[in-house]
Amino acid sequence: MIKFIQYGCGKMSKYTVKFAVEAGMKLVGAVDINPNVIGTEIEGVKVVGKEDFEKVLTKEKPDIVIVTTMSLLSDLEEVLTICAKNGVNAITTCEEAFYPKVSNPNLTNKIDQLAKAHNCTITGTGYQDAYWGNLITTIAGSTHGITKIKGSSSYNVEDYGIALAEVHGSGMTLEEFDEKVASNDKISDEERLEVINSGNYTPSYMWNVVPWIAEKLGLHLNGMMKQVCVPLTHETDIESSTLGMTVKAGNATGMSAIVTGETTEGITIEAECIGKVYAPDEFDKNEWTVFGEPDTTLVINKPDTVRLTCATIVNRIPDVIASKPGFIPTCEMGELKYLKNK
């Protein structure tokens, strides 16, 4: 029986815990920072504060820790470092952790070296593993003479919590968005590389997806990728329960981020993520086209992004446990496999 600790007991944990337990795994610890959650119970396990995480970790000796908290690797440095130095595998929904060496190489290397030294594996996965990754590379595997891979995916930031909403600029005025979000991309390649190496870069989710696709296909990116982030607005006010505010008409409901990578093999990879507070008539959509012989387009309307993310996390756990040690992206772990319930 695989034993796991749930780190972060918010919206996503509702499903990661449910799916893991139904797959025959055992919850042996739960951690959160919310005082309203600490002291409650999940599956008969008391939720503790993060200051008690390492104590629970060393006592319970889990096979893996599921981390469902923040979107940036720097925000997870403490928890992933504790896992690595104690030789405990970790899997996270942190979007940057999907392929972090292109956005925070120094911290990635630090955690990678710790994980190798203590014989454990750290990885990031979620919705993008299948719907921005494996499905696309599988279609590419049935195509001849590819010239371009182009994708777009939209999601409602309301489903993921305040950290993700804030990263997307949701609720900001256009002036605030330009200053705090868009300005990050109004720099030269040299300046961008300097920010990346400093550990202060804030990537869009596709920044970590484009190189994942390239590696999975055996392609090589030629120089620095390009990223452009633009605010999205709506003509009427929209209520946001996650932000606890009304996003006024004309203010940013979120953003569209387009990342483009050119490869030495002549294939362009262009990926767009659209994250925003949805109006009542909007819904998630995933659309990718592989241009070649023949062109092929994949469209998925209204995917249940939250539950797909959580099921992916759980289904990847055996791959993480079986993986070589280090900070290993899932493009090195093979295709996703269905993990049947107990």
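Here's what I pulled together on the structure shown here. Nothing here was measured: the structure is a model prediction, and the numbers come from that model. (Residues numbered from 1 in each chain as written. Predicted model: local features only at pLDDT ≥ 70, side-chain atom pairs only at ≥ 80, totals over all residues. Heavy atoms only, no water.)

Ranked by internal contacts, the top residues of the largest apolar core, which has 78 residues, are Phe4, Trp132, Met206 and Trp288. Not counting chain neighbours up to four residues away, the residues in contact with phenylalanine 4 comprise Val17, Ala20, Val21, Met25, Lys26, Leu27, Val28, Gly29, Pro62, Ile64 and Ile66. Core analysis: the second largest hydrophobic core is formed by 27 residues, Leu73, Leu76, Ala84 and Ala90 among them. (Core = buried A, V, L, I, M, F, W, Y, C linked by side-chain atoms within 4.5 Å. Buried < 20%, exposed > 50% of the residue type's maximum accessible area, 1.4 Å probe, protein only. Contact = heavy atoms within 4.5 Å.)

Among covalent bonds in proteins, the disulfide is the one between the sulfur atoms of two cysteines. Evaluation of the coordinates by the stated rule reveals zero disulfides. Unpaired in this structure, cysteine 9 has its nearest cysteine sulfur neighbour in cysteine 310, at a distance of 13 Å. Note on cysteine 331: no disulfide assigned, nearest cysteine sulfur contributed by cysteine 94 at a separation of 16 Å. The exposure class assigned to cysteine 331 is buried, which follows from its relative accessible area of 10%. (Disulfide = S-S within 2.5 Å.)

Our focus in this paragraph is the sheet that holds strand β9 (residues 226-232). Within a sheet, neighbouring strands are paired by backbone hydrogen bonds and run either parallel or antiparallel to one another. Taken together, six strands build an open sheet; the order of strands is β9-β12-β13-β8-β14-β15 and the sheet is mixed. At either margin of the open sheet sits one strand with a lone partner, and together these are β9 and β15 (296-301). This sheet shows a mean twist of 10° between the axes of neighbouring strands, independent of strand direction. Note that strand β8 (residues 144-156) and strand β13 (residues 268-276) share nine bridges and pair parallel. Paired with lysine 150 across the bridge in β13 is glutamate 270. On top of the sheet, helix α5 (residues 127-140) reaches β8, β13, β14 (285-293) and β15; it is set at about 20° to β14, its chief contact. (Pairing = 2+ DSSP bridges. Helix = DSSP H or I, 4+ residues; strand = E, 2+ residues; numbered from the N terminus. Axes fitted to C-alpha atoms, helices over the stretch in contact; angles between N-to-C directions.)

What follows deals with α5. Three- or four-residue spacings in an α-helix give side chains the same orientation, since the helix completes a turn every 3.6 residues. Over its 14 residues, α5 extends 19 Å from the first C-alpha to the last, a length consistent with the 20 Å expected when each residue adds 1.5 Å. Where α5 bends most, the angle comes to about 30°, and this point is asparagine 134. Burial of α5 is extensive: 12 of the 14 residues sit out of reach of the surface. Among all positions in α5, only Tyr127, Gln128, Asp129, Ala130, Tyr131, Trp132, Gly133, Asn134, Ile136, Thr137, Ile139 and Ala140 are buried. (Expected span 1.5 Å × (residues − 1). Bend = angle between axes of the 7 residues up to and from the residue.)

With that out of the way, let us pick up unusual backbone geometry. Cis geometry marks the peptide bond from glutamate 293 to proline 294; its omega dihedral reads 0°. Looking at where proline 294 falls in the secondary structure, it is placed in the loop between β14 and β15. The phi torsion at asparagine 119 lies on the positive side, around 60°, for a residue other than glycine. Accessibility expressed as a relative area gives 60% for asparagine 119, which makes it exposed. Despite not being glycine, lysine 302 shows a phi value in the positive range, around 55°. Looking at the secondary structure, you find lysine 302 in the loop between β15 and α10 (305-322). Lysine 302 gets classed as exposed once you look at its relative accessible area, which sits at 60%.

Moving on, we get to the packing of helix α2 (residues 53-60) against helix α3 (residues 77-85). The angle between the axes and the distance between the axes are what describe a pair of packed helices. Where α2 meets α3, the axes come as close as 11 Å, and the angle between the chain directions of the two elements is 25°. Looking at the two axes, α2 sits roughly parallel to α3. Where α2 crosses over α3, the handedness of that crossing is right-handed. Where α2 abuts α3, its residues Phe53, Glu54 and Leu57 lie against Val79, Ile82, Cys83 and Lys85. Class assignment of the residues belonging to the contact of α2 with α3 gives a composition of five nonpolar, no polar and two charged. (Parallel < 35°, antiparallel > 145°, perpendicular 65-115°, else oblique. Left-handed = near helix turned anticlockwise from the far one by under 90°. Nonpolar A, V, L, I, M, F, W, Y, C, P; charged D, E, K, R; others polar.)

Further remarks concern the layout of surface pockets. In this model, the largest pocket occupies a volume close to 840 Å³. Secondary-structure elements contributing two or more residues to the lining of the largest pocket are α3, α5, α6 (162-167) and α10. Grouping the amino acids of the lining of the largest pocket by side-chain chemistry returns 17 nonpolar, 14 polar and six charged. Its volume calculated, the second largest pocket comes out at about 280 Å³. Along its surface, the second largest pocket is lined by 18 residues, and Leu72, Ala163, Glu166, Val167 and Thr202 are the ones closest to its centre. Looking at the lining of the second largest pocket, the elements with two or more residues in it are α6 and β9. The element contributing the most residues to the lining of the second largest pocket is α6, with three residues. Among the residues making up the lining of the second largest pocket, the classes are represented as nine nonpolar, five polar and four charged. (1 Å grid on protein atoms, 1.4 Å probe; cavity = no way out; pocket = protein on both sides within 12 Å on 5 of 7 lines; lining within 4 Å. Points joined across faces, edges and corners; volume = space filled by probe spheres on them.)

A word on the packing of aromatic side chains. Scanning the model with the defined rule gives eight aromatic pairs in all. Note on phenylalanine 98 and tryptophan 212: the rings are 5.1 Å apart at their centroids and 15° apart in plane angle, and the pair reads as stacked. With a gap of 114 residues between them, phenylalanine 98 in the loop between β6 (89-92) and α4 (105-117) and tryptophan 212 in helix α9 (residues 210-216) connect regions that are remote in the sequence. In this structure, phenylalanine 98 and tryptophan 212 share a single accessibility class: buried. Their ring planes at 10° and their centres at 4.7 Å tell us that tyrosine 127 and tyrosine 131 sit as a pair that is stacked. Residue tyrosine 127 and its partner tyrosine 131 are located together in helix α5, separated by four residues, close to a single helical turn. (Phe/Tyr/Trp six-rings, centres within 6.5 Å; stacked < 30°, edge-to-face > 60°.)

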